Amino acid sequence: MNVILLGPPGSGKGTQSYKLVEKYQLSHISTGDILRSQISKKTPLGIEAKKYMDKGELVPDNLIIEMVSFTTSKLPSILLDGFPRTINQALALESEMENLNKKIDFVLYFEVPFEDLIQRLSQRISCKTCSKTFSKSDKEFVCLEECTNQELYQREDDKPEAITKRMETYKELTQPLLEFYENKGLLKKINANTSIQEVSIKIDKILQ
Ligand code: AMP
């Protein structure tokens, strides 16, 4: 099974990914996590990507497409989190899947009102080691099992100036993907403005 998680920043894609990966044995491909890891290793891709990410802009399609196709070609079942984010990326993914004789089975769209997203993102803190995210209001911060080095921080792009830009970028470049996947009969809308557990149950109903 190959699944895409689509939705604005802060809609809970990452949080649900961790559950889905375990439950359905999918390989998690989070382009944001891959890019952040490249940044911390100071690779040429990381240095280039950081210029865009800190401002809340998208990293250019050619860099992202190359990075993802290198990863997807080796994996049997994937969960794409944060990719595609533009029509060009979606077209590239489509042709990559065709070449590999695979297909996308579901595109799960996480719907959350924009006002709530801004609040969620400004409250969000992330673990530097495992990338899991928490809200500052959470009672406890429990990382992934294998994560022993819990170091929480606020991402540069979760700061107010970048959040506004990310929302604009989402509306302009990513939102058109809703129609793209709706026309292909793949889009499943999920009201993600509820608890993590409720969203998880809704997803299970679709995937099972
Ligand atoms: P995320 O962790 O998914 O919120 O992504 C953080 C940032 O990484 C985004 O704001 C973009 O700058 C960059 N990024 C992640 N995925 C993509 C993508 N598919 N295309 C372009 N830029 C991306």
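J.: I tried to follow the pattern of salt bridges on my own but got confused; where do I start?
T.: When charged atoms on two side chains of opposite charge get close, those side chains can pair. With the rule as written, the count across this model stands at 13 salt bridges. Its salt-bridge partner being D158, residue R124 comes within 2.9 Å of it at the nearest N-O pair. With R124 in strand β5 (residues 124-127) and D158 in the loop between β7 (152-153) and α7 (160-174), this pair connects stretches of sequence that are 34 residues apart. Neither residue differs from the other here; R124 and D158 are each classed as buried. Linking D157 and R166 is a salt bridge whose minimum nitrogen-to-oxygen distance equals 3.9 Å.

J.: Could you clarify how one ought to interpret empty space enclosed by the protein in this entry?
T.: Taken as a whole and assessed by the stated rule, the structure comprises 1 cavity of 30 Å³ or more. If you add up the space inside the largest cavity, you get close to 60 Å³. The wall of the largest cavity is formed by L5, L6, G7, P9, K13, G82, F83, P84, R85, Y170 and T174. Broken down by secondary-structure element, the contributors of at least two residues to the lining of the largest cavity are β1 (3-6) and α7. Of the residues contributing to the lining of the largest cavity, the split by class is 6 nonpolar, 3 polar and 2 charged.

Reading guide: rules and limits
- Residues numbered from 1 in each chain as written.
- Predicted model: local features only at pLDDT ≥ 70, side-chain atom pairs only at ≥ 80, totals over all residues.
- Heavy atoms only, no water.
- Salt bridge = Lys/Arg side-chain N within 4 Å of Asp/Glu carboxyl O.
- Helix = DSSP H or I, 4+ residues; strand = E, 2+ residues; numbered from the N terminus.
- Buried < 20%, exposed > 50% of the residue type's maximum accessible area, 1.4 Å probe, protein only.
- 1 Å grid on protein atoms, 1.4 Å probe; cavity = no way out; pocket = protein on both sides within 12 Å on 5 of 7 lines; lining within 4 Å.
- Points joined across faces, edges and corners; volume = space filled by probe spheres on them.
- Nonpolar A, V, L, I, M, F, W, Y, C, P; charged D, E, K, R; others polar.

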